[in-house]
Amino acid sequence: MKNRPAASLLFILIPVILLSACAQPAPEPTPVPTLEPSPQPTATAVRVESDYYSYTDGVWTRFYQDELTFPFMLPEDMEESSSQQYQMIQTGYFSAYDQATQTLNMRAQVVLARIFREVQFQVDENITVSCLPTSIDGNPIEDIHYMYSEKGVGFPPGPGNQKLSDLLPLMTADTYMVLILTDPVDPAALNSVTQIAAICPE
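Parameters and conventions
- Within each chain, residue numbers correspond to sequence positions counted from 1 in written order.
- Only residues with pLDDT of at least 70 get local features here, since the model is predicted, and only at 80 or more are side-chain atom pairs given and counted; chain-wide, interface and lining totals rely on the full set of residues.
- With hydrogens and water set aside, each side-chain value is computed from the structure's full complement of heavy atoms.
- When two cysteine sulfur atoms are found within 2.5 Å, that pair is recorded as a disulfide.
- Secondary structure is summarised from DSSP: a helix means a run of H or I of at least four residues, a strand means a run of E of at least two, and numbering begins at the N terminus for each.
- Salt bridges are defined as contacts in which a side-chain nitrogen from Lys or Arg sits within 4 Å of a carboxyl oxygen from Asp or Glu.
- Only protein chains enter the accessibility calculation, which uses a 1.4 Å probe; a residue whose area is less than 20% of its type maximum is buried, one above 50% is exposed, and one in between is partly exposed.
- We call a set of buried residues a nonpolar core when its members are Ala, Val, Leu, Ile, Met, Phe, Trp, Tyr or Cys and they connect through side-chain atoms within 4.5 Å of each other.
- Residue-level confidence of the predictor is what pLDDT reports, using numbers from 0 through 100.
- Contacts were defined at the residue level, with two residues in contact if any of their heavy atoms lie within 4.5 Å.
- Paired strands, in this sense, are two strands between which DSSP finds at least two bridges.
- Two aromatic rings from Phe, Tyr or Trp, using only the six-membered ring of Trp, form a pair when their centres are within 6.5 Å; if the ring planes differ by under 30 degrees the pair is stacked, by over 60 it is edge-to-face, and anything between is tilted.
- Remark: a charge is flagged as sitting over a ring if the NZ atom of Lys or the CZ atom of Arg is within 6 Å of the ring centre and within 35 degrees of the ring normal.

## Section: the state of the cysteines
- All told, the structure shown has one disulfide when counted by the stated rule.
- The partner cysteine of C131 in its disulfide is C200, sulfur to sulfur 2.0 Å. The chirality of the disulfide connecting C131 with C200 is left-handed, given an S-S dihedral of about -95 degrees. Separated by 69 residues along the polypeptide, C131 in strand 6 (residues 128-131) and C200 in the segment after strand 11 (190-198) bring together distant segments of the chain.

This is the structure:
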């Protein structure tokens, strides 16, 4: 009979110990070290836009510098004696016009390549524009070349003449133009214009 209290105490302690053991969270397994490094993100090459455009089926697309792998020559880099007409005659498409400064932006075609660059021109809104035909003998007017003369450049006859101020509100990025300059073209400057011809928008 003397051992009954001890047995009772032991009977109470065993469940308490078991309950305490069940309440403890299971230990996390130790991660196994690996010799392989974590994969790093692939570096993305940064593509830089150029100052040149292509024009196909009425859509303008800007070139990236890494795409300019084909040969072309800028008028200002040519010898003046052999490139006067390229420096004085700029063909291309209307881009924008600032009425406050009378500055016309045109995407001018680069010599020996079907690419264009933005060039600025100082114009007089009262200048007469020679309206060009859209084609000559089945050849698009864009493919016609002009010879420069200090007395003026002759344009193929089209549907009359109009004042530039009347045409400017109608011009779009599809309006083809020919500008005759007073001095060789400088793409970094504001170039003065002495003659203008265009496919006059209606």
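After presenting the structure, the write-up continues.
## Observations regarding the pattern of salt bridges
- Scanning the model with the defined rule gives five salt bridges in all.
- For E49, the salt bridge goes to R62, with nearest N and O atoms at 4.0 Å. With a gap of 13 residues between them, E49 in strand 1 (residues 49-56) and R62 in strand 2 (residues 59-64) connect regions that are remote in the sequence.
- Note that R107 is salt-bridged to E118, the shortest N-O span being 3.1 Å. Pair noted here: R107 is in strand 4 (residues 103-109) and E118 is in strand 5 (residues 116-122), with a separation of eleven residues, a long-range link.
- Here E118 falls in the partly exposed class, since its relative accessible area comes to 28%.
- Where salt bridges share partners, they join R47, D66 and E67 into one cluster.

## So, the nonpolar core
- If you look at the biggest cluster of nonpolar residues, it comprises 22 residues, and the most contacted ones within it are L104, F121, L164, M177, L179 and I196.
- For this core, the secondary-structure elements that each account for two or more residues are strand 4, strand 5, strand 6, helix 3 (164-167), strand 10 (176-181) and strand 11.
- Membership of the second largest hydrophobic core comes to 15 residues, among which are W60, Y93, L132 and A197.

## Observations concerning the confidence of the model for the protein
- For the protein, per-residue confidence averages 83 on the pLDDT scale, and residues scoring 70 or more make up 77% of the total.
- Within the model, the stretch residues 15-19 combines pLDDT values under 50 with zero contacts to residues more than four positions away or in other chains.

## Details of the pairing of strand 10
- The buried fraction of strand 10 amounts to six of the six residues, a majority that puts the element mostly inside the structure.
- Burial along strand 10 is two-sided: the face carrying Y176, V178 and I180 and the face carrying M177, L179 and L181 are both buried.
- Two strands pair when backbone bridges link them, and strand 3 (residues 89-98) and strand 10 are joined in this way by five bridges, in the antiparallel orientation. Considered in strand 10, the bridge of I89 is made with I180.

## Quick word on the packing of aromatic side chains
- According to the stated counting rule, one finds nine aromatic pairs in the structure shown.
- Taking the centre distance of 4.6 Å and the plane angle of 45 degrees together, the rings of Y55 and Y93 count as tilted. Residue Y55 is located in strand 1, and its partner Y93 is located in strand 3; the two are separated by 38 residues in the primary sequence. Exposure class is identical for Y55 and Y93. Each is buried.
- What links up through ring pairs into an aromatic cluster is the set Y53, Y55, W60, Y93, F116 and Y176.
- Looking at R107, its charged tip hangs above the ring of Y53, at a distance of 4.0 Å from the centre.
- Over the ring of W60 we find R107; its NZ or CZ atom is 4.9 Å from the centre of that ring.

## Describing the environment of A96
- Of note, A96 is situated in strand 3.
- Residues A96 and M106 lie ten residues apart in sequence; the distance between their C-alpha atoms is 7.0 Å.
- Non-local contacts of A96, meaning those with residues more than four positions away in its chain, are made with T103, L104 and N105.

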